[in-house]
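Residue-level listing of the chains:
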Amino acid sequence: MLGGLANALLRQDPFRSYDFMVQVDGIYMASFAEAQGLSMDLETEKRAEGGVNDYERILIKGVKYSDITLKRGITLVEELWNWCEGNRDGEIERKNGSIFLTKRMGELAGVTAFVPVIAWNFYSAVPIKWEGPSFESGSSGIAMETLTIAHEGLDMFNPLTAAVRAVKKRRA
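Residues numbered from 1 in each chain as written. Predicted model: local features only at pLDDT ≥ 70, side-chain atom pairs only at ≥ 80, totals over all residues. Heavy atoms only, no water.

Scanning the protein for helices and strands turns up three helices and 10 strands. Going from N to C terminus, the protein has its helices and strands arranged as α-β-β-β-β-β-β-α-β-β-β-β-α. Buried positions account for 24% of the 172 residues belonging to the protein. For the protein, contacts bridging at least 24 residues in sequence account for 66% of all contacts bridging at least 6. Only carbon and sulfur atoms are counted for the fraction: they give 53% of the accessible area of the protein, which is about 12,100 Å². (Helix = DSSP H or I, 4+ residues; strand = E, 2+ residues; numbered from the N terminus. Buried < 20%, exposed > 50% of the residue type's maximum accessible area, 1.4 Å probe, protein only. Contact = heavy atoms within 4.5 Å. Areas by Shrake-Rupley, 256 points an atom, 1.4 Å probe, with all protein chains shown as cover.)

Structure follows, in structure tokens:
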């Protein structure tokens, strides 16, 4: 019989898009309001084969990854600004990171527990744009900063299916 955590994770309900965390170089960056750009586009080429007249072969030529845009409220923590500034000043620093989709697992002692269910890992990322807040005297909104990063690769990791594969492999 499965435990409560396993049952909750195995349900097929869609996950909520607002439950996510961002990690860069092993450090969790808190309080992002948005993360966009998890996309890859496979470049293809069609080729006709001699004697085959009813279809064309589709060959994969390469892959393009979209830039990732992260948006959050400005705090006194300046790691995103410092990363951008260092790259601007010639101290090129590439970083790996992950965007985790999480599932709320309830509360314990007033603290909400989250479990990562899927991770999208990006590699050799560099900041290519930082955008500061818009100021408006009549607004009660939050001052936001936006960081756009280019990267050299993207993959998806599902911890639950990876654990199931590992158990099956050990049994074989």
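It is worth spelling out helix α2 (residues 79-88) at this point. All of the buried residues along α2 are Leu80, Trp83, Cys84, Gly86 and Asn87. On an axial view of α2, the arc spanned by its buried residues comes to 165 degrees, and they lie on one face. Tucked into the core, α2 has its buried residues touching β1 (20-24), β3 (32-36), β6 (68-73), β7 (95-108), β8 (111-131) and β9 (144-150). Where α2 ends, the next residue or the one after it, Gly90, has phi of about 95 degrees, a positive value. (Arc of directions from axis to C-beta.)

Along any regular strand, the residues point their side chains to alternate faces of the sheet. Both β3 and β6 contribute to a ladder of four bridges, which runs antiparallel. Residue pairing for β6: Phe32 is matched across the bridge by Arg72. Pairing geometry for β6 and β9, over six bridges, is antiparallel. Across the sheet, residue Lys71 finds its bridge partner in β9, namely Thr146. (Pairing = 2+ DSSP bridges.)

The full count for this structure, using the stated rule, is one aromatic pair. Relative to Trp130, the ring of Trp81 lies with its centre 4.8 Å away and its plane at 75 degrees, an arrangement referred to as edge-to-face. Taken together, the residues Trp81 in helix α2 and Trp130 in strand β8 connect sequence positions 49 residues apart. Residue Trp81 is classed as partly exposed on the basis of its relative accessible area of 32%. (Phe/Tyr/Trp six-rings, centres within 6.5 Å; stacked < 30°, edge-to-face > 60°.)

Attention now goes to the pairing of β7. Bridge analysis of β1 against β7 gives five bridges, and the strand direction is antiparallel. Its bridge partner being in β7, Val22 is matched across the sheet by Ile99. Examined bridge by bridge, β7 and β8 share 11 bridges and lie antiparallel to one another. Residue pairing for β8: Thr102 is matched across the bridge by Pro116. The loop that links β7 with its antiparallel partner β8 comprises two residues; one of these, Ala109, has a positive phi angle of about 55 degrees.

Moving on to the environment of Ser17. Within the secondary structure layout, Ser17 lies in the loop between α1 (4-10) and β1. Accessibility expressed as a relative area gives 65% for Ser17, which makes it exposed.

On to the environment of Glu145, then. Structurally, Glu145 can be placed in strand β9. Classification of Glu145 as buried rests on a relative accessible area of 6%. Considered as a pair, Glu145 and Thr75 are 70 residues apart in the sequence and their alpha carbons are 9.4 Å apart. Beyond its immediate sequence surroundings of up to four residues, Glu145 is in contact with Leu70, Lys71, Arg72, Ile74, Leu80, Trp130 and Glu131. In this structure the side chain of Glu145 is engaged in a polar contact, spanning 2.7 Å, whose partner is the side chain of Trp130. (Polar contact = N/O pair within 3.5 Å; in protein donor to acceptor, adjacent residues only side chain to side chain.)

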